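# Per-entry structural report
Listed here are the chains, written in short residue letters.
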Amino acid sequence: MGEQIIVKIYTGREAEATMNFQAEAALMAGQGYSPVFQSWTPGQWQSRSLITVLLLCLLIVGIPALVYMLIVTPDGVLTVTYVSSRGDPMPEGALRPQPRTGARA
């Protein structure tokens, strides 16, 4: 049988995302999955948000928003890849070929 791969994404601060991953990794291990790869990407503001706030600074109203953006960072993303080497590699609900029955014309 083949391997089944599942990719899960955990968002939040790094410590929070890691705790969520560790809690779920125990559940996934009970189902026969083990983590084989993980990647942390820190959160960052979108460029258009920063440009908008900088333009609003010209009108003075963007200064509090700029201060907020400098102090608070968006949530990061922890991406974890799980692999199972047991069981059926076809996900539930996948179309499976059906055997042909009957005579051909």
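So, here is what we can say about the structure in this document. (Residues numbered from 1 in each chain as written. Predicted model: local features only at pLDDT ≥ 70, side-chain atom pairs only at ≥ 80, totals over all residues. Heavy atoms only, no water.)

This part is about the side chain of S84. Residue position: S84 is located in strand 3 (residues 76-84). Reaching out from S84, the side chain makes a polar contact with the backbone oxygen of G32 at a distance of 3.5 Å. (Helix = DSSP H or I, 4+ residues; strand = E, 2+ residues; numbered from the N terminus. Polar contact = N/O pair within 3.5 Å; in protein donor to acceptor, adjacent residues only side chain to side chain.)

The biggest cluster of nonpolar side chains holds 9 residues, and these are Y10, A17, F21, A25, M28, Y33, L78, V80 and Y82. Counting only elements with at least two residues in this core, the list comes to helix 1 (14-30) and strand 3. Element by element, the count of residues in this core is highest for helix 1, at 4 residues. (Core = buried A, V, L, I, M, F, W, Y, C linked by side-chain atoms within 4.5 Å. Buried < 20%, exposed > 50% of the residue type's maximum accessible area, 1.4 Å probe, protein only.)

This paragraph deals with helix 1. Here helix 1 is 17 residues long and its end C-alpha atoms lie 25 Å apart, about the 24 Å a rise of 1.5 Å per residue gives. Listing the buried residues of helix 1 in full gives A17, F21, A25 and M28. Just past helix 1, the residue G32 takes up positive phi, approximately 90°. (Expected span 1.5 Å × (residues − 1).)

Let us look at a nonpolar patch on the surface. A contiguous nonpolar patch, built from I51, L55, L56, L58, L59 and V61 and spanning about 640 Å² of accessible area, is present on the exposed surface. Along the chain, L55 falls in helix 2 (residues 47-57). (Patch = residues over 30% accessible without salt bridge, like charges linked within 9 Å, V, L, I, M, F, W, Y side chains within 5 Å. Areas by Shrake-Rupley, 256 points an atom, 1.4 Å probe, with all protein chains shown as cover. Salt bridge = Lys/Arg side-chain N within 4 Å of Asp/Glu carboxyl O.)

We now examine the side chain of T81. Looking at the element boundaries, T81 is found in strand 3. On the basis of relative accessibility, which here comes to 16%, the residue T81 falls in the buried class. Leaving out residues up to four positions away in the same chain, T81 has contacts with I5, I6, V7, S34, P35, V36 and F37. (Contact = heavy atoms within 4.5 Å.)

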